[in-house]
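Chain by chain, the residues run as shown.
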Amino acid sequence: MLHDDIEYSEKYCDCKYEYRHVILPREMVKQMPRGKLLSDEEWRRLGVQQSRGWVHYEIHTPEPHILLFRRKLGTDPKTGKVDLELRRAALSKQT
């Protein structure tokens, strides 16, 4: 099954966002809408599984099978909303 072949990067961050990229099998590109960012529902329908709050924010044209995601630092993975305490803790880890 192709969903078993989806690869997830480790998370990385800057002072504003947490990032990760997801590598889909190249065959799955045929199932993706062309030239647009995917909604939560669309990328989940492809089999991508991750906690709440992630947004597909950029299309990497040379490699459309690599999806780039970000979410605001301090996002609660259960609700998808920014939690100020989680944000403070994430920022303190960076210093």
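What counts, and at which threshold
Residues numbered from 1 in each chain as written. Predicted model: local features only at pLDDT ≥ 70, side-chain atom pairs only at ≥ 80, totals over all residues. Heavy atoms only, no water. Helix = DSSP H or I, 4+ residues; strand = E, 2+ residues; numbered from the N terminus. Buried < 20%, exposed > 50% of the residue type's maximum accessible area, 1.4 Å probe, protein only. Polar contact = N/O pair within 3.5 Å; in protein donor to acceptor, adjacent residues only side chain to side chain. Salt bridge = Lys/Arg side-chain N within 4 Å of Asp/Glu carboxyl O. Phe/Tyr/Trp six-rings, centres within 6.5 Å; stacked < 30°, edge-to-face > 60°. Lys NZ or Arg CZ within 6 Å of the ring centre and 35° of its normal.

(A) Looking closely at the side chain of Thr75. In this fold, Thr75 is placed in the loop between β5 (66-72) and α2 (84-94). Using a relative accessible area of 8% as the deciding quantity, one classes Thr75 as buried. A polar contact is formed between the side chain of Thr75 and the backbone oxygen of Lys72, at a distance of 2.5 Å.

(B) Spatial organisation of the pattern of salt bridges. In the structure shown here, the tally under the stated rule is six salt bridges. Residues Arg44 and Asp40 are paired through a salt bridge, measuring 2.8 Å at the closest nitrogen-oxygen approach. In this pair, Arg44 and Asp40 are both assigned in helix α1 (residues 40-45), four residues apart and thus about one turn of the helix distant. With its nearest N and O atoms 2.5 Å apart, the salt bridge here joins Glu85 to Arg88. With Glu85 and Arg88 both in helix α2 and three residues apart, this pair spans about one turn of that helix. For Glu85, a relative accessible area of 54% gives the class exposed.

(C) Just the packing of aromatic side chains, in detail. As enumerated under the stated definition, the model contains four aromatic pairs in all. Ring geometry for Tyr12 versus Tyr19: centroids 5.8 Å apart, planes at 20°, classification stacked. Taking 6.0 Å as the distance between ring centres and 55° as the angle between the ring planes, the aromatic pair formed by Tyr17 and Tyr19 counts as tilted. In terms of burial, Tyr17 and Tyr19 fall into one category: buried. Each member of the aromatic cluster is reached from another via a ring pair, and the members are Tyr12, Tyr17, Tyr19 and Tyr57. Residue placement shows Arg70 over the ring face of Tyr17; its charged tip is 4.2 Å from the ring centre.

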